[in-house]
Amino acid sequence: MKKLKKLLSAKKKLSNQNIQSNNLNRKVSVAPMMDCTDRHDRFFLRIMSKNVMLYTEMVATKSVLHGDRKKILSYSSEEKPLALQVGGSNKKELSKTSKIAEDMGYDEINLNLGCPSKKVQKNMFGACLMKEPDLVADCIHEMVSKCNIPVTAKTRIGFDDTEDFNYLNEFILKIKKAGCKTFILHARKAILKGLTPKQNLNIPKLNYEMVYKIKKENPDLEIIINGGISKTNEIKEHLKLCDGVMIGRSIYQNPYSLIDIEKEIFHTIDSPTREQVAEKLLKYLEKEVKLGTKVNHIMRHTVGLYHGQIGSKDWKRYLSDNMMAIDSDFQKAKHIMTIVQNNEKANQNI
Ligand SMILES: Cc1cc2nc3c(=O)[nH]c(=O)nc-3n(C[C@H](O)[C@H](O)[C@H](O)COP(=O)(O)O)c2cc1C
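Small disclaimer: the values here were computed from a predicted structure and weren't measured. (Residues numbered from 1 in each chain as written. Predicted model: local features only at pLDDT ≥ 70, side-chain atom pairs only at ≥ 80, totals over all residues. Heavy atoms only, no water.)

(A) Molecular detail of the overall build of the protein chain. Scanning the protein chain for helices and strands turns up 17 helices and 8 strands. Its C-alpha radius of gyration of 21 Å places the protein chain within 12% of the 20 Å reference for a compact globule of 350 residues. Viewed in the frame of its principal axes, the protein chain has a C-alpha envelope of about 65 × 40 × 40 Å. Carbon and sulfur atoms make up 52% of the accessible area of the protein chain, which totals about 17,200 Å². One way to put it: in the protein chain the 59 positive side-chain charges average out to a point 4 Å from where the 41 negative ones average out. (Helix = DSSP H or I, 4+ residues; strand = E, 2+ residues; numbered from the N terminus. Rg over C-alpha atoms; globule rule 2.2 N^0.38 Å. Areas by Shrake-Rupley, 256 points an atom, 1.4 Å probe, with all protein chains shown as cover. Lys, Arg positive; Asp, Glu negative; His and termini not counted. Charge placed at Lys NZ, Arg CZ, Asp CG, Glu CD.)

Printed below as a string of structure tokens:
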């Protein structure tokens, strides 16, 4: 009887996972990016887009389990839906972290199988795990059985000399069997020796075809394509062959491009102007500064707000003169609306 109950509960967990995995809208997501997509950046991005899926920066399981958990994992409810991305390869640590993520209200937990940095390799997580399909499957299985939020994976299409459809497909099938239904595929292989993480984001050539082929071969899986995508027409083309698109650098550099994504992809009618974005952020800034957050920790993410617009230089200069110092205070931020209004007028007059 006990065995039957256990079996039923495991089955329920798996079916919950399917339902929840399908319920989250991952048509467009913002990529996890270390030192970029922290909670302040995510709040800022969420002002511009209600529909994109957001991811945290990668957090090592050991930091979650032994570090200042509140500091590392806290977020504002406005950021949701939100996925926690983790790095690790110890199944017990990963499953504990998954349960913590679920208890803290995260909507998804994502395992990083794509980071090529030396430090990450030394700790046995990230892209080097593509060489260890059984270990990854074990980890995913343990995570899936310990939490009710979807467990997803973000991986490369290969590593070093291995850029082979059959290898990638087998890797994905093993992880699928363990309970993962959503895969984010960064469409370039990782070079584990000889390239820096920065070079690894540009040098190995993008191979979108490989991702399309994975989707074609596995229509039951949710396949999200990532790498070098920025324009809405590109997103639309990829969406014909994949379930979702993940974008990193171009959104960080030009965050207001989320407005185009909202209009073109999600058919949103009412979008905030840059002035309204700045107004909302200012309220958040005031609240956060009272709680002890440094002004520059929030404002550094807004450098690209006027990307490609008249006033972009004035905006950047204003930020760097007034808000990028460690001890910048909120009073200086109060003048920000003058710069914003001048920029808005200048852009309307062209
Ligand atoms: C500054 C920076 C930090 C990154 N940090 C992470 C990370 O923490 N986890 C991860 O899976 N990928 C990370 N990446 C990779 C991105 O998530 C994404 O896969 C990559 O930038 C390709 O997408 P893009 O061409 O749209 O930028 C990072 C990339 C950059 C530029």
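Next, the rest of the story.
(B) The arrangement of unusual backbone geometry in detail. In this structure, P81 follows K80 across a cis peptide bond, with omega equal to 0°. For P81, the position within the fold is in the loop between helix 4 (69-73) and strand 3 (82-87). With a phi angle near 65°, D35 is a residue other than glycine that sits in the positive phi range. By the element assignment, D35 lies in the loop between strand 1 (28-30) and helix 2 (39-48). With a phi angle near 60°, M124 is a residue other than glycine that sits in the positive phi range. As for its placement among the helices and strands, M124 is situated in the loop between helix 6 (118-122) and helix 7 (133-146).

(C) Looking closely at the pairing of strand 5 (residues 151-156). Among the 6 residues in strand 5, 6 count as buried, and that is most of the element. Burial of strand 5 is two-sided: the residues V151, A153 and T155 facing one way and the residues T152, K154 and R156 facing the other way are all buried. With 5 bridges connecting them, strand 4 (residues 108-113) and strand 5 associate as parallel partners. Counterpart to L113 in the pairing with strand 5 is T155. Note: strand 5 against strand 6 (residues 182-186), 4 bridges, orientation parallel. Bridging from a neighbouring strand, A153 pairs with F183 of strand 6. (Buried < 20%, exposed > 50% of the residue type's maximum accessible area, 1.4 Å probe, protein only. Pairing = 2+ DSSP bridges.)

Keep in mind these values describe shape, not function.
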